[in-house]
Amino acid sequence: MKKALSLLPGETIVLVFRKHWIMLFFDTIGTVVTLFIPFVAFFVLSHLGYVPEFLQRVEILTFTSSLWLLLVWCTLAVLWTDYYLDIWIITNTRVITIAQIDLFNRSVSNWGVDRIQEITAHHENIVQTFFNYGTLRILTAGPSDEYGTARGVPNPDHVRTVIMEQINHAGKLTQINNQQQELLHTVNHEVKSYLTRDAAALAAIAEGGIDNRSLRNLAERALKETRSGVAALIHLLNGATSTATALIDTVDIKTMVDELVQQYSESASKKGVTLKLLTGNSPCVVRGDAVALRDLVFKNLIDNAIRYTPQGNVLISLAADGKDVHFSIEDSGVGISPRDMEKLFTPGGHGEHSKDVNPESTGYGLSSAKSAVEAHNGRIWAKSEGPEHGATFFVELPVA
Amino acid sequence: MTETISIALWIMAMAASVFVAIVGVMLGYHWIRFAMNSYVTTIALIVFCFVALVLLVAMFSAAFSYSL
């Protein structure tokens, strides 16, 4: 058997069907009725005496009858071939229609299930309802919306349901793929950030001039950082990603941010950046995922502010008003152009010149931060007067 | 008159043979190339050829009888 169809890798056939048999029946009946017309005409005309004598000879009658039967037989063969080769194939990724039109015209159409926007099934008259066949209309998304129509489909409601199942399945797969991709980018971002910090520590040791006590402190801090990083990654890989955050822990944002400021103050001051934290008196406690908030939100924002401020000030403010916890981080760094501002929180949304300032930038830090904040029912946004005018990032999280 | 009709019958029979051969080749090509079930394809080809052959034999026999 020769394969009439090549399937894509991973593609499986879900349903194969032809037109309803009644369509072939109607075509066949029409041809058979045509078959009898000359015989009836000959019978009537010979009774009326209008047929010449030579046409009434047995040889001539046999010849003409055979010729007519041969023509009708060929017509029937073509009809049955058209019916047999008209096929609809539904796979897990495509709806394929193969249309055989006479013997010289054959067309194969594909509709990707991920592009199908709407699908309707119709029984157009009482015969179609009685024999349970009808028309299927498929609207696909594209540069110009495009309708595909399939007529004579047996049990069109069932076929529609099967296609809808494939569409839902494809949608779920796309969503899972996107989540996996986002997770991979987040892991990549985290790993890069820890490796960069470790590289900086190693560079400091290599430069020398560090006493034993400082060296020990540096090593301890690097170890603590790496442990924390690995724990955060395991936490992310366990499914506590930005898209599925369990709001179970009570998180003291003030303590968290204070620890981060202490952690970053030394590296900031070495760079010539003054890191300041201003906090109000009211408690800043939220309900949520401490690891996600620490590593994906506040650490990212503080790290970014220091990285994108060659020299100057980074001022962190933290306050609560009984409804929300308000966090802001203002820097006097390179600033953000209006063009970069549009894609700031999108996955892979690098600034135009961000790689010049921060070569390790993955473009997924702020996207992860946004996802994590939104998973906590909060919001995050940024303001900047433009390049070289610094930037301020704001985070609002509902209090516990 | 009889001779003319006889010649016409032979010509028509031969034309019908050529026509059936062309249709048969076209059908065979489509069935073998595109059909997904080789058993159905084989049976369809055998039935088509058999019926067409019977009708062609009838036509040639009639033409031969007429020309005698």
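Just so it is clear, the structure is predicted and the values come from calculations on it, not from any experiment.

Participant: Just checking my understanding: could you explain the interface of chain B and chain A for this structure?
Facilitator: By a widely used convention, the size of an interface equals the accessible area lost when the partners come together. On the side of chain A, 27 residues touch chain B, which itself brings 32 residues to the contact. Overall, the association of chain B and chain A removes approximately 2,900 Å² of surface from exposure, summing both partners, and the carbon and sulfur fraction of that is 81%. Linking chain B to chain A there are 0 salt bridges. Those elements giving two or more residues to the side of chain B that touches chain A turn out to be α1 (2–34) and α2 (38–67) of chain B. For the side of chain B that touches chain A, the element with the most residues is α1(B), which contributes 15 residues. Broken down by class, the residue content of the side of chain B that touches chain A amounts to 28 nonpolar, 3 polar and 1 charged.

Participant: Whenever I open this one, the packing of aromatic side chains confuses me. Can you help?
Facilitator: The description of an aromatic ring pair rests on the distance of the ring centres and on the angle between the ring planes. Residues and elements named next belong to chain A. In the structure shown here, the tally under the stated rule is 11 aromatic pairs over all chains. Consider the rings of F25 and F26, whose centres lie 6.3 Å apart with planes at 55 degrees: the pair is tilted. For F25, a relative accessible area of 41% translates into the label partly exposed. Judged by its relative accessible area of 42%, F26 falls in the partly exposed class. Consider the rings of W381 and F394, whose centres lie 5.0 Å apart with planes at 15 degrees: the pair is stacked. One end of the pair, W381, is in strand β13 (residues 379–383); the other, F394, is in strand β14 (residues 391–398), with 13 residues separating them in the sequence. Three or more aromatic residues joined by ring pairs form one cluster here, namely W21, F25, F26, F130 and F131. Between R18 and the ring centre of Y84, over which it is positioned, the NZ or CZ distance is 4.2 Å. Its end group placed over the ring of W381, R379 keeps NZ or CZ at 4.0 Å from the ring centre.

Here is what the cut-offs are and how they apply
- Residues numbered from 1 in each chain as written.
- Chains lettered and ligands numbered in written order.
- Predicted model: local features only at pLDDT ≥ 70, side-chain atom pairs only at ≥ 80, totals over all residues.
- Heavy atoms only, no water.
- Contact = heavy atoms within 4.5 Å.
- Buried area = accessible area lost by both parts, 1.4 Å probe.
- Salt bridge = Lys/Arg side-chain N within 4 Å of Asp/Glu carboxyl O.
- Helix = DSSP H or I, 4+ residues; strand = E, 2+ residues; numbered from the N terminus.
- Nonpolar A, V, L, I, M, F, W, Y, C, P; charged D, E, K, R; others polar.
- Phe/Tyr/Trp six-rings, centres within 6.5 Å; stacked < 30°, edge-to-face > 60°.
- Buried < 20%, exposed > 50% of the residue type's maximum accessible area, 1.4 Å probe, protein only.
- Lys NZ or Arg CZ within 6 Å of the ring centre and 35° of its normal.

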